[in-house]
Amino acid sequence: MTERRLAQIAWLARLALALVFIWHGLAPKILWLSPDEVAMIAAHGLPDHPLFAPQLIAAVGGIAEILLGILLLTVRRQRWPLLVAGAVLLVLLLDVALLSPHLLIQAFNPLSTNLAALALCAVAWLAEAPSAADS
């Protein structure tokens, strides 16, 4: 496979992955706060304090996801954003599995979404040549 073709594959995988993070940060956390998001946050048993309000935590998480999506699109010469994305996906999936396992069998559940996004991380990682910064 040519280097150009691999670069196209990597870009497509990064674009799709970034859109997943941007959408999941924006839609269910910021624009239309999902009851499932609120329930997942509440499952952590955080103190009843304004700093730990589910709406605030969801908004901060949403902003972080959007920033990660933008990072995936803008820092294309380095692969470390793919590692960050993969780690975030694994941690969030583990969090749901431990604290809200009933969500793993729902339609459009975190298991299928996160596994597909992890596959996009792997595709981009494999298609991109390592840079000196990755060493």
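Computed from a prediction, not measured in an experiment: that's the story for all the values here. (Residues numbered from 1 in each chain as written. Predicted model: local features only at pLDDT ≥ 70, side-chain atom pairs only at ≥ 80, totals over all residues. Heavy atoms only, no water.)

**Quick word on the overall build of the protein**
Right, so step 1: Looking only at helices and strands, the protein has five helices and zero strands in total.
Right, so step 2: Shown N-terminal to C-terminal, the secondary structure of the protein runs as helices and strands in the order α-α-α-α-α.
Right, so step 3: When the backbone C-alpha atoms are referred to their principal axes, the protein occupies close to 55 × 30 × 25 Å.
Right, so step 4: Counting all 135 residues of the protein, 30% fall into the buried class. (Helix = DSSP H or I, 4+ residues; strand = E, 2+ residues; numbered from the N terminus. Buried < 20%, exposed > 50% of the residue type's maximum accessible area, 1.4 Å probe, protein only.)

**Observations regarding helix 5 (residues 110–127)**
Count 3.6 residues to each turn of an α-helix, and residues three or four apart come out pointing the same way.
Right, so step 1: With 18 residues, helix 5 ought to run about 26 Å at 1.5 Å a step, and its terminal C-alpha atoms sit 25 Å apart, in line with that.
Right, so step 2: Buried within helix 5 are the following residues: Pro110, Asn114, Ala117, Leu118, Cys121, Ala124 and Ala127.
Right, so step 3: Contacts made by the buried residues of helix 5 are with helix 1 (3–31) and helix 4 (80–99).
Right, so step 4: Put simply, Asn109 is the residue that caps the front of helix 5, since its side-chain oxygen is 2.9 Å from the backbone nitrogen of Leu111. (Expected span 1.5 Å × (residues − 1). Contact = heavy atoms within 4.5 Å. Polar contact = N/O pair within 3.5 Å; in protein donor to acceptor, adjacent residues only side chain to side chain.)

**Here's the deal with the pattern of salt bridges**
Right, so step 1: This model, assessed by the stated rule, comprises three salt bridges.
Right, so step 2: Ionic pairing is found between Glu128 and Arg14, a salt bridge with its closest N-O pair at 2.5 Å. Highlighted residues: Glu128 in the segment after helix 5 and Arg14 in helix 1, separated in sequence by 114 residues. The pair Glu128 / Arg14 is uniform in exposure class, with both members buried.
Right, so step 3: The salt bridge partner of Glu37 is Lys29, with a shortest N-O separation of 3.2 Å. Residues Glu37 and Lys29 agree in their burial class; the two are buried.
Right, so step 4: Linked by salt bridges that have partners in common, Lys29, Glu37 and Glu65 make up one network. (Salt bridge = Lys/Arg side-chain N within 4 Å of Asp/Glu carboxyl O.)

**Thoughts on the environment of Leu120**
Right, so step 1: Along the chain, the position of Leu120 falls in helix 5.
Right, so step 2: Residue Leu120 is classed as partly exposed on the basis of its relative accessible area, which comes to 23%.
Right, so step 3: Separated by 105 residues in the primary sequence, Leu120 and Leu15 place their C-alpha atoms 9.4 Å from one another.
Right, so step 4: Leu120 has contacts with Ala13, Ala16 and Leu17, leaving out every residue within four places of it along the chain.

**A word on the UniProt feature "transmembrane region" (unreviewed entry) in the protein**
Right, so step 1: Summarizing the sequence annotation, UniProt attributes the feature "transmembrane region" (unreviewed entry) to residues 12–32, 52–75, 82–105 and 111–127 in the numbering used throughout.
Right, so step 2: Taken as a whole, residues 82–105 contains 75% helix and 0% strand, while its terminal C-alpha atoms sit 27 Å from one another. (UniProt positions renumbered as here; feature names shortened; annotations may be inferred.)

**Topic: the nonpolar core**
Right, so step 1: Core analysis: the largest hydrophobic core is formed by 13 residues, its most contacted members being Leu17, Phe21, Leu72, Leu82, Ala85, Leu89 and Cys121.
Right, so step 2: Listing elements by their share of this core, those giving two or more residues are helix 1, helix 3 (54–74), helix 4 and helix 5.
Right, so step 3: Contacts of Leu82, omitting those with residues within four sequence positions, involve Arg14, Leu17, Leu72, Cys121, Ala124, Trp125 and Glu128. (Core = buried A, V, L, I, M, F, W, Y, C linked by side-chain atoms within 4.5 Å.)

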